[in-house]
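Here's the letter readout for the chains.
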Amino acid sequence: MSKTELIPRIVESKDWVTILFIVALLLLAVTKTAFENRFRDFTNLIVNDKYLKIYKDSSNLMSWFTVLLFVVQLISLSFFLQLVLSYFGYTSKTNWITFIQIFTFLSFFILSKFLIEKIIATSFNIENFTEQFNLFKVSYRTYIGLLLLPVNIVMYYTNIMNTYAIIGVMIMLLIINAVTYLISLKNYQNLLLSKLFYFILYICALEIAPYYFIYYVIIKR
């Protein structure tokens, strides 16, 4: 008599991804409805700097407009990282636990970095510069998050994920970040020259070291 061995079949739910995209789109819709004029100026950020000139006050950094789009940015970036990890075989693109881990890590990393920046800015008496610089960075990086959202949707539902697509998206992100820093250096050059030493410490401690540390940990693992 043959012995039958039953093997449990574990099927990952894919519904959460669709719900995630719907939540992100709903947040965009709410933001657009509640801040119609500001959202229109924000969408033109890549074309002109009107948005930065109008909303340059540091209080805008903690406004609901910024917070809502920041959540969309976290969702978009976290899922893109999950797609990259799934492509290289470290997880699956429907593993919701991995997404929560990535989302939590990014949230903790960004908020901790922001808090440390505030402490250092207060210590070095460069609060005005760091607040404007942070608002500048947040605006462009949030814009990048919005651009990544449709990319994530296409890559997830069409299965066109490949090495060239990953490299292309990463190059785009690096270019936008590089342009952001160049523009910020140009806009705040007078302020930077007066506090050049502190700015160099700021860049090394908070804009280079954290990302190098993450890169080192990933390479070692």
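Preceding this paragraph is the structure being described.
Residues numbered from 1 in each chain as written. Predicted model: local features only at pLDDT ≥ 70, side-chain atom pairs only at ≥ 80, totals over all residues. Heavy atoms only, no water.

Some details on the environment of V154
Along the chain, the position of V154 falls in helix α6 (residues 127-158). Taking relative accessible area as the criterion, V154 reaches 40% and is therefore assigned partly exposed. Setting aside chain neighbours within four positions, we find V154 in contact with N159 and I160. (Helix = DSSP H or I, 4+ residues; strand = E, 2+ residues; numbered from the N terminus. Buried < 20%, exposed > 50% of the residue type's maximum accessible area, 1.4 Å probe, protein only. Contact = heavy atoms within 4.5 Å.)

Things to note about the packing of helix α4 (residues 64-87) against α6
Where α4 contacts α6, the two axes come as close as 8 Å, and the packing angle between them is 45 degrees. Taken together, the axis directions place α4 and α6 in an arrangement best described as oblique. α4 and α6 meet at a crossing whose hand is left-handed. Contacts between α4 and α6 involve T66, L69, F70, V72, Q73, S76, L77, F79, F80 and L83 from the first element and V138, R141, T142, G145, L146, L148, L149, N152, M155 and Y156 from the second. Its residues placed into classes, the contact of α4 with α6 shows 13 nonpolar, six polar and one charged. (Axes fitted to C-alpha atoms, helices over the stretch in contact; angles between N-to-C directions. Parallel < 35°, antiparallel > 145°, perpendicular 65-115°, else oblique. Left-handed = near helix turned anticlockwise from the far one by under 90°. Nonpolar A, V, L, I, M, F, W, Y, C, P; charged D, E, K, R; others polar.)

Notes on the packing of aromatic side chains
Under the counting rule described, the total for this entry stands at 16 aromatic pairs. The interplanar angle of 80 degrees and the centroid separation of 5.6 Å between the aromatic rings of F35 and F65 together place this pair among those described as edge-to-face. Here the residue F35 occupies a position in the loop between α1 (15-34) and α2 (36-43), and F65 occupies one in helix α4, the gap between them amounting to 30 residues. Residue F65 is classed as buried on the basis of its relative accessible area, which comes to 1%. Among the aromatic residues, those joined into a ring-pair cluster are W16, F21, F79, F99, F103, Y156 and Y157. (Phe/Tyr/Trp six-rings, centres within 6.5 Å; stacked < 30°, edge-to-face > 60°.)

Some remarks on the side chain of S63
Along the chain, S63 turns up in the loop between α3 (50-54) and α4. On the basis of relative accessibility, which here comes to 16%, the residue S63 falls in the buried class. In terms of polar contacts, S63 uses its side chain to reach the side chain of R38, at 3.3 Å. (Polar contact = N/O pair within 3.5 Å; in protein donor to acceptor, adjacent residues only side chain to side chain.)

Quick look at the packing of α1 against α4
Two elements in contact, α1 and α4, have axes separated by 9 Å at closest approach and are oriented at 155 degrees. As far as their axial angle goes, α4 and α1 are roughly antiparallel. Helix-helix and strand crossings are classified by hand; for α1 and α4 the assignment is left-handed. Counting all contacts with α1, which are made through W16, V17, L20, F21, A24, L27, L28, V30 and T31, the residues of α4 involved are F65, L68, L69, V71, V72, I75, F79 and Q82. Partitioning the contact of α1 with α4 into residue classes produces 15 nonpolar, two polar and no charged.

Everything listed here is a matter of geometry and, on its own, says nothing about what the molecule does.
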